[in-house]
Amino acid sequence: MPMVSVILPVHNGLPFLEAAVESVLGQTFADFELISIDDGSSDASASVLDSFATRDARIRVVRQANLGLIKTLNRGIELATAPLVARMDADDVCEPSRLRVQVEFMNANPNVVLLGGAYLLIDDASRPIRTMRPATDDRTLQEQCLLGTQPICHPLAMIRSAALKQIGGYDKQYVAAEDLDLFLRLGEIGQLACVNDVLLRYRQHAGSVSERKQTLQLDNQRRAVEAAFVRRGLSRTFVPPKPWRPTTADQRFRFTLDYGWWALAENFRTTARAYARKAIAQRPWSKEAWVLMAKSLVPK
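Residues numbered from 1 in each chain as written. Predicted model: local features only at pLDDT ≥ 70, side-chain atom pairs only at ≥ 80, totals over all residues. Heavy atoms only, no water.

Some details on the overall build of the chain
Of the regular secondary structure elements, the chain holds 12 helices and nine strands. For the chain, the C-alpha radius of gyration of 20 Å lies close to 19 Å, the compact-globule estimate for 300 residues. Relative to all contacts within the chain whose residues are 6 or more apart in sequence, the contacts with residues 24 or more apart total 78%. For the chain, the accessible area works out to roughly 13,600 Å², and carbon and sulfur atoms hold 53% of it. (Helix = DSSP H or I, 4+ residues; strand = E, 2+ residues; numbered from the N terminus. Rg over C-alpha atoms; globule rule 2.2 N^0.38 Å. Contact = heavy atoms within 4.5 Å. Areas by Shrake-Rupley, 256 points an atom, 1.4 Å probe, with all protein chains shown as cover.)

So, in structure tokens, the structure goes:
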């Protein structure tokens, strides 16, 4: 029995799938199984997975008709044989030390049922944008969940299998917010934590669920939090967080600038220039876009 079951749901995962799988296989911690479930892909995802499986016996490829993410994740939980489950998505990239760091932490902290970590935002061209460092303590992470945010990056989550089975896995009524609902319910039977190590490159692109289903996601986040209030006996009123994704031309322009400024703040100057060019293309008369470009051209 392996120590970790990595669950990788895939639905039309090209063009990022190979990099995602290779990042799992390249872990410095080798005692894992990779359960990759092809959820009715119409592209070559299944063939890519089969090719990897012929080269590495730790990979188990499961094919099914398209059932959606929640049913696919629950099937992965049923198939997992390890005491720890690690989530992974087909468009992200694990750092080589991810599993080792998380396993060591979980072994040292038996009361923790859900573990995340720091991560680097990247774009569809794999350019670095910003390092995200969530809170590390249970109290803060629990409160952030109750505010309707996802303080733990879902594809970076490591969860105890026993805890997943105790709460019944993912709830199908919270589409696009199944991670927040899961975190809230896990927090009711154990502790949440994050490590400060950067363990994942988390890709931002127009095909992601949070891009395509923002309205549904926000509504189901509210419902998940309000259900948690009832379970925990809390007399609180939910105040929805600000939407993360842009939906208007003004918001898209601001979003582009934010990416550029975030990148510049961490000295990712190539990324900053790329987003300065995008902002200038959107609004050539914008002073801030030209200032971003000028600053990105200045040596550190």
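A short note on the pattern of salt bridges
For the coordinates displayed, the defined rule picks out 16 salt bridges. Here D56 makes a salt bridge to R58, at a shortest N to O gap of 2.8 Å. Shared partners join several salt bridges into a network, and the residues in it are E188, R231 and R232. (Salt bridge = Lys/Arg side-chain N within 4 Å of Asp/Glu carboxyl O.)

Focus: the side chain of E178
Mapped onto the fold, E178 is located in helix α7 (residues 178-186). R87 is the oppositely charged side chain nearest to the buried, salt-bridge-free E178, at an N-O distance of 6.3 Å. For E178, the side chain forms a polar contact with the main-chain nitrogen of A176, separated by 2.9 Å. With residues near it in sequence (within four places) discarded, E178 still touches L69, I70, H154 and Y170. (Buried < 20%, exposed > 50% of the residue type's maximum accessible area, 1.4 Å probe, protein only. Lys, Arg positive; Asp, Glu negative; His and termini not counted. Polar contact = N/O pair within 3.5 Å; in protein donor to acceptor, adjacent residues only side chain to side chain.)

Some remarks on the packing of helix α10 (residues 249-265) against helix α12 (residues 287-297)
Contact geometry of α10 with α12 gives a least axis separation of 11 Å together with a crossing angle of 20°. Here α10 lies roughly parallel to α12, going by the angle between them. Of the two possible hands of crossing, α10 and α12 adopt the one that is left-handed. Contacts between α10 and α12 involve R254, L257, G260, W261 and L264 on the former and, on the latter, E288, A289, V291, L292, K295 and S296. Of the residues that constitute the contact of α10 with α12, the class distribution is six nonpolar, two polar and three charged. (Axes fitted to C-alpha atoms, helices over the stretch in contact; angles between N-to-C directions. Parallel < 35°, antiparallel > 145°, perpendicular 65-115°, else oblique. Left-handed = near helix turned anticlockwise from the far one by under 90°. Nonpolar A, V, L, I, M, F, W, Y, C, P; charged D, E, K, R; others polar.)

Re the nonpolar core
If you look at the biggest cluster of nonpolar residues, it comprises 42 residues, and the most contacted ones within it are V4, V6 and V21. If you tally residues by element for this core, the top one is helix α1 (residues 17-25), at five residues. Every residue in contact with V6, bar those within four places of it in the chain, is listed here: V24, F32, E33, L34, I35, A86, M88 and L99. (Core = buried A, V, L, I, M, F, W, Y, C linked by side-chain atoms within 4.5 Å.)

Re the pairing of strand β2 (residues 32-39)
Taking burial as the measure, the eight residues of β2 include eight buried ones, the bulk of the element. Taking every second residue as pointing to the same face, both faces of β2 are buried, with F32, L34, S36 and D38 on one and E33, I35, I37 and D39 on the other. Here strand β1 (residues 4-10) runs beside β2; their pairing, made up of seven bridges, is parallel. The residue of β2 that forms the bridge with V4 is F32. The parallel pair β1 and β2, bridged by α1, forms a crossover whose chirality is right-handed. Bridge count between β2 and strand β3 (residues 59-64): six bridges; the pairing is parallel. If you follow I37 over to β3, its bridge partner there is V62. (Pairing = 2+ DSSP bridges. Right-handed = clockwise from strand over helix to strand, strands pointing away.)

Digging into unusual backbone geometry
At the junction of L14 and P15, the peptide bond is cis and its omega measures out at 10° in the coordinates. Note on placement: P15 falls in the loop between β1 and α1. Although it is not a glycine, A176 sits at a positive phi angle of roughly 75°. Summarising the element assignment, A176 is placed in the loop between α6 (161-167) and α7.

So, the pairing of β1
In terms of burial, β1 is largely enclosed, as seven of its seven residues are buried. Judged by which residues are buried, β1 turns out to be covered on both faces: V4, V6, L8 and V10 on one side and S5, I7 and P9 on the other are all buried. Pairing analysis gives four bridges linking β1 to strand β4 (residues 84-87), with the strands arranged parallel. When the sheet's bridge partners are listed, S5 is paired in β4 with V85.

Re the packing of aromatic side chains
For any pair of aromatic rings, the description consists of the separation of the ring centres together with the inter-plane angle of the planes. Evaluated as defined, the whole model comprises four aromatic pairs. Plain terms: the ring middles of F255 and Y259 are 4.8 Å apart, the flat faces sit at 40° to each other, and that makes the pair tilted. Residue F255 and its partner Y259 are located together in helix α10, separated by four residues, close to a single helical turn. Here F255 matches Y259 in class, with each residue buried. With a centroid separation of 5.4 Å and an interplanar angle of 75°, the aromatic rings of Y259 and Y275 are classed as edge-to-face. With Y259 in helix α10 and Y275 in helix α11 (residues 269-282), this residue pair connects regions lying 16 residues apart in the sequence. Neither residue differs from the other here; Y259 and Y275 are each classed as buried. Over the face of the ring belonging to W262 we find R130, whose NZ or CZ atom lies 4.4 Å from the ring centre. (Phe/Tyr/Trp six-rings, centres within 6.5 Å; stacked < 30°, edge-to-face > 60°. Lys NZ or Arg CZ within 6 Å of the ring centre and 35° of its normal.)

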